[in-house]
Amino acid sequence: MQRLRVGLVGIGKIARDQHIPVLRDNEKFELVAAASRNTRVDGIANFTDLAGMLSACPDLDCIAICTPPQAHFAAARLALDAGKHVLLEKPPAATTREIALLAAHAARRGLALFQSWHSRFAIGVAPARAWMLERRLQHARILWKEDVRVWHPGQQWIWQAGGYGVFDPGINALSILTEIVPQEVLVSAARLEFPANRQAPIAAQLKMRTEGGVPILAEFDFRHTGVQTWDMEFATDHGSLKLALGGSQLFIDGVAQQPVDLRGEYARLYARFAQLCAARATEVDWRPMQLVADAFLIGERATVEAFSD
Ligand code: NAP
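Everything quoted here is computed from the prediction, not taken from an experiment. (Residues numbered from 1 in each chain as written. Predicted model: local features only at pLDDT ≥ 70, side-chain atom pairs only at ≥ 80, totals over all residues. Heavy atoms only, no water.)

A. Main features of the domain arrangement of the protein. Domain parsing of the protein yields domain 1 (4–115) and domain 2 (119–259 + 293–304). Its C-alpha centre places domain 1 at a distance of 27 Å from the equivalent point of domain 2. Facing the eleven residues of domain 1 at the interface are 14 residues of domain 2. Surface buried jointly by domain 1 and domain 2 totals about 850 Å² across both partners, of which 63% is contributed by carbon and sulfur atoms. Three residues stand out in domain 1 for area buried against domain 2, namely K13, Q70 and K90, and they jointly supply 48% of the buried area on that side. (Domains from an automatic or database assignment. Contact = heavy atoms within 4.5 Å. Buried area = accessible area lost by both parts, 1.4 Å probe.)

B. Just helix α5 (residues 125–133), in detail. Burial in α5 covers these residues: V125, A128, W131 and M132. Relative to the axis of α5, the buried residues are bounded by an arc of 120° and lie together on one face. In α5, the exposed residues that point more than 90 degrees away from the buried face are A126 and L133. Its buried side turned inward, α5 meets β7 (137–145), α7 (167–180), β11 (229–236), β12 (239–244) and β13 (249–252). (Buried < 20%, exposed > 50% of the residue type's maximum accessible area, 1.4 Å probe, protein only. Helix = DSSP H or I, 4+ residues; strand = E, 2+ residues; numbered from the N terminus. Arc of directions from axis to C-beta.)

C. Up close: α7. When the terminal C-alpha atoms of α7 are compared, their 19 Å separation across 14 residues agrees well with the 20 Å that a helix rising 1.5 Å per residue should span. Taking burial as the measure, the 14 residues of α7 include 13 buried ones, the bulk of the element. (Expected span 1.5 Å × (residues − 1).)

D. The arrangement of the environment of L186 in detail. Tracing the chain through its elements places L186 in strand β8 (residues 185–195). The class for L186 is partly exposed, based on a relative accessible area of 31%. Those residues in contact with L186 that lie beyond four places of it in its chain are K207, M208, R209, T210, E211 and L291.

E. Examining the packing of helix α3 (residues 72–81) against helix α4 (residues 96–109) more closely. Contact pair α3 / α4: the axes reach a minimum separation of 10 Å and the direction vectors enclose 5°. Here α3 is positioned roughly parallel relative to α4, judged by the angle of their axes. Contacts from F73, A76, R77, L80 and D81 of α3 reach α4 at E98, L101, L102, H105, A106 and R109. Within the contact of α3 with α4, the residues separate by chemical class into six nonpolar, one polar and four charged. (Axes fitted to C-alpha atoms, helices over the stretch in contact; angles between N-to-C directions. Parallel < 35°, antiparallel > 145°, perpendicular 65-115°, else oblique. Nonpolar A, V, L, I, M, F, W, Y, C, P; charged D, E, K, R; others polar.)

F. Representation of the sheet that holds strand β4 (residues 62–65) within the structure. Ordered in space as β3-β2-β1-β4-β5-β6-β15, the seven strands form an open sheet in which the pairing is parallel. Because the sheet does not close on itself, it has two edges, and the strands there are β3 (45–47) and β15 (282–283). Against the sheet, α3 makes contact with β4 and β5 (85–88), and its axis sits at roughly 160° relative to β5, the strand it touches most. Sheet strands touched by α4: β5, β6 (113–115) and β15. Its angle to β6, the strand with the most contacts, is close to 150°. (Pairing = 2+ DSSP bridges.)

As structure tokens, then:
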């Protein structure tokens with residue numbers, strides 16, 4: 001079978017850490033071009049913008065967009081207008097209308113739009129979902145605490161309006177939560193901490209609940225040094241479940257269920273994209289983004305110490 005020809009847009013940390021290595025070792029895809037204003041990828045065609053890539057490479061099948069969320073809508077719209085299937089990195093877009101309109105546009109054009117949540121492809125998430133389906137949740141807690149200077153060095157977009165701040169990683173937890181908790185989840189209250197010199201939060205605490213009223217607490221913090229924490233804990237009527245390392249490690253009643261696997265996540269994500277391209281189907285679930293938007297809508301805002309890189 002002929003491989004799908006991919007163009008990658010926005011060559012930064014995630015493109016180099018995951019997309020390029022996974023695409024270079026992939027029987028379903030062939031990486032043929034990159035579009036990035038300030039950098040190049042060895043061994044393929046390079047362009048400074050997507051429009052140039054689309055006009056020089058008309059036989060591309062799909063575009064993977066790895067820019068920050070503020071740039072997603074324009075790039076995805078351009079790619080869909082050119083008749084290409086689109087994979088969007090998370091978070092989906094800068095506003096909820098943007099992703100709603102992209103989903104409608106892709107469906108109208110009969111193209112695949114994969115609004116991806118990579119954390120849902122972490123090895124522990126599917127078995128956690130199956131386990132949760134058979135139990136009654138009693139309460140849950142999310143601790144997503146990392147050092148922004150280590151994981152997002154020099155990324156100014158993350159601090160700008162539409163950059164999500166601490167919700168850029170935090171939305172990964174919300175993507176897992178909405179995948180594995182059988183009931184829908186709502187935000188009840190939130191506190192967002194904004195550095196005096198930034199437009200996006202450095203920390204946030206969310207009080208959520210399921211539709212049935214089960215409490216879910218989440219703490220997101222970008223100021224965390226020491227042991228980095230991407231944990232989710234669930235207490236149910238028949239035992240407890242913990243996902244650690246962003247979904248890559250699953251414990252049930254304190255017992256590890258499988259070896260840690262940090263490498264397979266993006267391979268599984270691209271396998272799903274291949275299925276969507278074959279079916280010309282759209283997969284968009286913006287519930288994690290709605291939870292973030294709702295936290296911004298009803299959250300108390302606190303100004304905290306200015307942040308410097
Ligand atoms: P990054 O290192 O800043 O790379 C993004 C690249 O996009 C930049 O290097 C830049 O390359 C290009 N770009 C295009 N328009 C831009 C704009 N308006 N502002 C800034 N850069 C722009 O960011 P990243 O960590 O790869 O994250 C990109 C997206 O992937 C984010 O939505 C993030 O949530 C998601 N993601 C990141 C990770 C991670 O571990 N970092 C993991 C999973 C998902 P040029 O200047 O060359 O155009």
